[in-house]
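Report on the structure
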Amino acid sequence: MSPLVAYLLSLADDRLILGHRLSEWCGHAPILEEDIALANIALDCIGQSALLYGIAAEAEGNVRTADQLVYFREGVEYRNLLLVEQTNGDFARTIVRQFLYDAFGILLFERLQRSTHAPLAAVAQKAYKELKYHFRHSSHWVVRLGDGTEESISRTQRAVNDLWRYTDEMFGAGFPEAELITSGTAVDPQLLRQEWRTSVEGIFAQTSLTIPDANTVMLTGGRTGRHTENLGHLLAEMQIVARSYPEIAW
Amino acid sequence: MSENTAMLEEQFRRRIAGGETIEPNDWMPDKYRSQLKRLISQHAHSEIIGMLPEGNWITRAPSLRRKLALLAKVQDEAGHGHYLYSAAETLGISREEMFDQLHAGKAKYSSIFNYPTLSWADMGMIGWLVDGAAIINQTTMAKCSYGPYSRALLRICKEENFHKKQGMEVIAMLIASGPKGKAMVQESFDRFWWPTLMMFGPHDAESPNSPDMLKWKIKLKGNDELRQRFIDMTVEQAHAWGLTIPDPHLKFNEQTRSWETGEIDWKEFQAVINGNGPCNHERMEARRNAHDNGAWVRDAARAYEAKHRRNGGTTV
């Protein structure tokens, strides 16, 4: 697989898996307004992933369709961040997962608007607009929950402590390939680390939440297909119908 | 009844007879108000409970396009619920009170959502049959006398029409895919046909709320007339697709130019509306759990607002 295809798939997988997780809330959210909001954000994420799979398929020479990339790849072939595949848990955990990603995604897609790979730049323009809303939504909820009641603060802090170990992966060295960064196709994620940290600290400063200490042991592996066990179950559910009837055009 | 009330009622009757709409601050008989509260909140609850059987398949939708369409459809239903709860609130009942009634099992919602969704074809079937039946009911109701409900329905019907088209597309594509797809559709049709006919409610003679509601234009057509309209339309569509209607008594009446069905199993209908359908328990549990598990979130949001309002600061 070419570095470009691998990169596009990683971006698409992040958006799909996060959107899929959010869609699991549909009908079960704490308030009706959040049923609408979470479904809306899920739609944006999955919609962006569909566009990204489209350009990945094209970059691959149209040997597979976008749907085949989604429904007929194994877990070890998925390239998404470990963070986005983590289970929903309670509303605090879902919001913290979303916030930690959104704070990263908004920086990434802002820069990808200037990617030298024109189809990616075009998708990034749409995605960036949507991510601004997502970040506003998730950061506002972090503030409300992190400065709400004793219970909401403790639940949110627990989610932060639990999910923090997946954050380093967003800025990892070695992905994407250096040639993509040099050519201006991809963004070097290492350059986003400090700005992400400042953004997260700025939101946490409005709350009683604290950032886990620097000794937190970080986990990585998603970009090379070494996932947590959560992804397999998600894919089993997502792919079951498509794989049971490969002859049907949906 | 005081002379004054009698005069107001007479004016009210004339306004409705003259085709005027009634608005939230207008005088209205208590019973008109209570009937509307019941009707609109039932419709709102149906949208919210109706998210569950379809939500059940979002994570398994077999293509990106289908996943996006289904998610958007279920989100529309949440939006309809939101819109309808707001319409009911204009009558002097809060969303919280309506939720309490639902969770206590005191409020009804459409019987159809107490049936399970067992295959992907059900996502097509709900769009084609269930939304199709709802459109027949609701486009009629959109001419009702209460302004906020009538306006809500106009908007809802537009989206429901789109949902129905989506459902028919799902079915058409399954059928075009060959025998496996067609078998999936027929199996789903066999399960949904009769419950969909029940959606129109009991026969007019047994419908306890109908006379008042017809008089006040809260209801404009009888249950049987609307059901028949649905049957005539849907039988033709089913035949065009080569589907078999699961009714050995179905026959075409040459004189009335209309399809006559066998009798609906009213015992099943009563069981479902009285809480004993296949999924009543699960649907109510899911809603109660969502509400209960969300209590701390709502508390946190309220605490945050209160804290910042007290401090004169800004809130997010």
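Reference entry: report on the structure contained in this document.

In terms of helices and strands, chain B carries 12 helices and two strands. The C-alpha atoms of chain B give 22 Å as radius of gyration, which agrees with the globular expectation for 316 residues (20 Å, within 12%). Once the C-alpha set of chain B is aligned to its principal axes, its extents read approximately 65 × 50 × 30 Å. Counting every position in chain B, which comprises 316 residues, the buried fraction comes to 53%. When contacts within chain B are restricted to residue pairs at least 6 apart in sequence, long-range pairs at least 24 apart make up 76% of them. Of the roughly 14100 Å² of accessible surface on chain B, a fraction of 52% belongs to carbon and sulfur atoms. The average position of the 41 basic charges and that of the 40 acidic charges among the side chains of chain B differ by 4 Å.

Moving on, we get to the overall build of chain A. When helices and strands are counted, chain A shows 10 helices and zero strands. Taken from N to C terminus, the helices and strands of chain A fall in the order α-α-α-α-α-α-α-α-α-α. In terms of overall size, chain A behaves like a compact globule, its C-alpha atoms giving a radius of gyration of 18 Å where 250 residues would be expected to give roughly 18 Å. With respect to the principal axes defined by its C-alpha atoms, chain A has extents near 55 × 40 × 30 Å. By sequence separation, contacts in chain A at least 24 residues apart represent 79% of the contacts at least 6 residues apart. Split by element, the accessible area of chain A, about 9600 Å² in all, is 52% carbon and sulfur. Between the centroid of the 22 positive side chains of chain A and the centroid of its 32 negative side chains there is a distance of 2 Å.

Residues and elements named next belong to chain B. Looking at where Ser 207 falls in the secondary structure, it is placed in the loop between helix 7 (179–198) and helix 8 (210–215). Looking at Ser 207, the relative accessible area reads 12%, which means it is buried. Ser 207 has contacts with Pro 202, Lys 219 and Asn 223, leaving out every residue within four places of it along the chain.

To characterise two packed helices, one gives the angle between the axes of the helices and the distance between these axes. All names here are of chain B. As a packed pair, helix 11 (residues 280–293) and helix 12 (residues 295–310) sit with axes 4 Å apart at the nearest point and diverge in direction by 35 degrees. Residue-level contacts link His 291, Asp 292 and Asn 293 of helix 11 to Ala 295, Trp 296 and Arg 298 of helix 12. Residue composition of the contact of helix 11 with helix 12, by class: two nonpolar, two polar and two charged.

A few words now on unusual backbone geometry. Residues other than glycine predominantly adopt negative phi, and peptide bonds predominantly adopt the trans conformation. Pro 176 of chain A follows Phe 175 of chain A through a cis peptide bond whose omega is -5 degrees. Following the sequence through the fold, Pro 176 of chain A ends up in the loop between helix 7 (150–163) and helix 8 (178–182). Despite not being glycine, Arg 257 of chain B shows a phi value in the positive range, around 55 degrees. Within the secondary structure layout, Arg 257 of chain B lies in the loop between strand 1 (251–253) and strand 2 (258–260). Residue class for Arg 257 of chain B comes out exposed when judged on its relative accessible area of 54%.

For the rest of this paragraph, the subject is the interface of chain B and chain A. With 46 residues of chain B at the contact, the number on the chain A side is 52 residues. Summing both partners gives a buried area of about 4200 Å² for chain B against chain A, and 71% of it is carried by carbon and sulfur. On the chain B side of the interface with chain A, the three residues burying the most area are Leu 64, Trp 296 and Val 316 of chain B, jointly 18% of the side's total. Joining chain B to chain A, the criterion identifies three salt bridges.

Moving on to the nonpolar core. Core analysis: the largest hydrophobic core is formed by 173 residues, its most contacted members being Tyr 7, Tyr 53, Phe 109 and Trp 196 of chain A together with Tyr 32 and Trp 120 of chain B. At 14 residues, the largest contribution of residues to this core is made by helix 5 (residues 91–112) of chain A. Ignoring anything within four residues of it in the chain, the contact list for Trp 196 of chain A reads Leu 100, Ala 103, Phe 104, Leu 107, Trp 164, Thr 167, Met 170 and Phe 171 of chain A.

Helix length check: helix 7 of chain A (14 residues) gives 20 Å between terminal C-alpha atoms against 20 Å at 1.5 Å per residue, within 8%. Buried positions along helix 7 of chain A lie against helix 4 (82–85), helix 5, helix 6 (118–146) and helix 9 (193–204) of chain A together with helix 12 of chain B.

Let us now look at the packing of helix 6 of chain A against helix 7 of chain A. Residues and elements named next belong to chain A. Two elements in contact, helix 6 and helix 7, have axes separated by 7 Å at closest approach and are oriented at 125 degrees. Judged by the inter-axis angle, helix 6 sits oblique to helix 7. The residues of helix 7 that touch helix 6, namely those facing Arg 144, Leu 145 and Gly 146, are Ser 152, Ile 153 and Thr 156. Of the residues that constitute the contact of helix 6 with helix 7, the class distribution is two nonpolar, three polar and one charged.

A few words on the environment of Leu 235 of chain A. All names here are of chain A. Structurally, the position occupied by Leu 235 is in helix 10 (residues 230–244). With relative accessibility at 3%, the residue Leu 235 sits in the buried group. Put simply, Leu 235 and His 20 are 215 residues apart on the chain and 9.8 Å apart in space, counted from C-alpha to C-alpha. When neighbours within four sequence positions are excluded, Leu 235 is seen to be in contact with Ile 17, Glu 74, Gly 75 and Tyr 78.

What counts, and at which threshold
- Residues numbered from 1 in each chain as written.
- Chains lettered and ligands numbered in written order.
- Predicted model: local features only at pLDDT ≥ 70, side-chain atom pairs only at ≥ 80, totals over all residues.
- Heavy atoms only, no water.
- Helix = DSSP H or I, 4+ residues; strand = E, 2+ residues; numbered from the N terminus.
- Rg over C-alpha atoms; globule rule 2.2 N^0.38 Å.
- Buried < 20%, exposed > 50% of the residue type's maximum accessible area, 1.4 Å probe, protein only.
- Contact = heavy atoms within 4.5 Å.
- Areas by Shrake-Rupley, 256 points an atom, 1.4 Å probe, with all protein chains shown as cover.
- Lys, Arg positive; Asp, Glu negative; His and termini not counted.
- Charge placed at Lys NZ, Arg CZ, Asp CG, Glu CD.
- Axes fitted to C-alpha atoms, helices over the stretch in contact; angles between N-to-C directions.
- Nonpolar A, V, L, I, M, F, W, Y, C, P; charged D, E, K, R; others polar.
- Buried area = accessible area lost by both parts, 1.4 Å probe.
- Salt bridge = Lys/Arg side-chain N within 4 Å of Asp/Glu carboxyl O.
- Core = buried A, V, L, I, M, F, W, Y, C linked by side-chain atoms within 4.5 Å.
- Expected span 1.5 Å × (residues − 1).
- Parallel < 35°, antiparallel > 145°, perpendicular 65-115°, else oblique.

These results come straight from atomic positions and should not be treated as a statement about function.
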